[in-house]
Amino acid sequence: MIEVSHVSKDFIKYEKEKGLKGLVKGFFNAKKKIYKAVDDISFSIKEGEMVGYIGANGAGKSTTIKMLTGILTPTHGEIKVNGIVPTLDRKANAKTIGVVFGQRTQLWWDLPLQESFSVLKEIYQVSDEDYEERMAFFNEVLGLNEFIKSPVRTLSLGQRMRADIAASLIHNPKVLYLDEPTIGLDVSAKLAMRQAIKKMNETFKTTLILTTHDMDDIEDLCSRIMILDHGKIIYDGDLSKIKEKYGTMKTLSFSCGEAFEQVNELKEAFSFDPDFSVEVNELNLIIKFNKHTTSVSQVTTFVMKHVDVVDMSMSDTDIETIVASIYEAKVVNV
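Attention here is on the structure that accompanies the text. Everything numeric in this text was worked out from a predicted model, so none of it was measured.

1. Focus on the nonpolar core
One broad rule of soluble globular proteins: the nonpolar side chains tend to lie buried together.
1) Next: Core analysis: the largest hydrophobic core is formed by 49 residues, its most contacted members being L113, F117, F138, L142 and M200.
2) Next: Discounting residues that sit within four places of it in the chain, L142 has contacts with R162, I165, A166, A196 and M200.
3) Next: If you look at the next biggest cluster of nonpolar residues, it comprises 23 residues, including I65, L68, I209 and L228.

2. Digging into a nonpolar patch on the surface
1) Next: A surface patch of nonpolar side chains, amounting to about 350 Å² of accessible area, comprises I12, Y14 and I34.
2) Next: The topology assignment puts I12 in strand 1 (residues 2-15).

3. Some points on the packing of aromatic side chains
Any pair of aromatic rings gets described here by the distance separating the centres and the angle formed by the planes.
1) Next: Evaluated as defined, the whole model comprises six aromatic pairs.
2) Next: Look at F270 and F272: their rings are 5.8 Å apart centre to centre, the planes differ by 50°, and that puts the pair in the tilted class.
3) Next: Look at F270 and F276: their rings are 4.9 Å apart centre to centre, the planes differ by 5°, and that puts the pair in the stacked class.
4) Next: One aromatic cluster is present, built from ring pairs that chain together F270, F272, F276 and F302.
5) Next: The ring of F11 is capped by K9, whose NZ or CZ atom sits 5.5 Å from the centre of that ring.
6) Next: Looking at K121, its charged tip hangs above the ring of Y131, at a distance of 5.8 Å from the centre.

4. With respect to empty space enclosed by the protein
1) Next: Tallied over the entire structure, the rule returns one cavity of 30 Å³ or more.
2) Next: By volume, the largest cavity is sized at about 70 Å³.
3) Next: Around the largest cavity, the lining residues are M50, I165, L169, L176, I197, M200, N201, T206 and L208.
4) Next: Elements with a contribution of two residues or more to the lining of the largest cavity: helix 6 (157-169) and helix 7 (187-204).
5) Next: It is helix 7 that provides the largest number of residues to the lining of the largest cavity, a total of three residues.

Rules of the game
- Residues numbered from 1 in each chain as written.
- Predicted model: local features only at pLDDT ≥ 70, side-chain atom pairs only at ≥ 80, totals over all residues.
- Heavy atoms only, no water.
- Core = buried A, V, L, I, M, F, W, Y, C linked by side-chain atoms within 4.5 Å.
- Buried < 20%, exposed > 50% of the residue type's maximum accessible area, 1.4 Å probe, protein only.
- Contact = heavy atoms within 4.5 Å.
- Patch = residues over 30% accessible without salt bridge, like charges linked within 9 Å, V, L, I, M, F, W, Y side chains within 5 Å.
- Areas by Shrake-Rupley, 256 points an atom, 1.4 Å probe, with all protein chains shown as cover.
- Salt bridge = Lys/Arg side-chain N within 4 Å of Asp/Glu carboxyl O.
- Helix = DSSP H or I, 4+ residues; strand = E, 2+ residues; numbered from the N terminus.
- Phe/Tyr/Trp six-rings, centres within 6.5 Å; stacked < 30°, edge-to-face > 60°.
- Lys NZ or Arg CZ within 6 Å of the ring centre and 35° of its normal.
- 1 Å grid on protein atoms, 1.4 Å probe; cavity = no way out; pocket = protein on both sides within 12 Å on 5 of 7 lines; lining within 4 Å.
- Points joined across faces, edges and corners; volume = space filled by probe spheres on them.

Encoded structure:
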């Protein structure tokens with residue numbers, strides 16, 4: 001569905017010296033510097049695939065999306081979306097894609113929401129039958145009927161985001177680009193949004209590229225991620241593999257019926273694990289260890305032999321911590 005081959009995007013920046021002298025000098029002879037927002041990236045995405053496209057601020061995510069939509073022209077390389085070169089045929093490309101930018105809207109601010117949908121129906125030449133069928137589906141998964149007659153300016157952020165997703169899918173696009181679709185939403189609104197996106201992907205087989213800083217969005221929606229750093233893709237593959245490779249730490253938390261006093265014995269018993277650590281807080285015992293070196297059963301067996309355990313919980317390294325460590329290392333080998 002999407003083919004990106006050795007694509008780069010350069011921007012020219014002009015540097016000026018300080019002071020009045022620098023201002024005058026820069027006006028006639030400013031120093032030119034080429035900044036690579038995207039640097040020789042290549043990837044392909046299959047139909048119906050849901051891909052997380054992540055990176056720190058300034059990594060080149062939005063620039064990539066703008067090239068895929070035809071807004072920007074690559075400096076080098078080639079892009080094809082559903083067989084179309086976006087910058088050569090923007091109108092044909094627009095008919096096959098949908099875009100949602102978290103901080104912008106494609107809805108008409110002063111019109112009732114249903115009027116915005118009617119306008120989009122005419123723009124994309126959607127038949128009456130298809131329109132009614134899709135609006136019924138959007139109401140089912142996004143709950144639009146409760147505010148569809150309200151002017152867009154009166155909608156809450158969560159309502160507007162749901163409406164924007166429906167608007168981007170009204171013409172049943174082959175590809176959907178979501179740029180921070182859950183930004184500013186509360187927990188329940190984020191959950192509803194994710195469920196709606198999954199349902200629409202299952203129903204319409206829509207190919208999805210998701211850019212977000214919310215790692216819960218990525219973990220819930222995408223099985224594949226691409227990590228971008230300073231314009232280069234440093235990882236492209238399964239989320240499960242990167243979690244297995246870099247999510248090495250496990251945490252066991254015990255609520256005890258009595259104080260745990262065998263801390264030194266515990267540390268000595270697991271001294272073979274350099275990542276092993278113990279924290280005691282009143283009747284709570286928190287143990288962190290490397291899952292490739294130490295097993296859960298080893299830790300729980302030792303603890304239960306020495307103290308009365310009331311409750312226990314276990315957690316893995318969260319994806320946000322994993323990605324942060326990858327940004328720091330800038331190299332991924334999986």
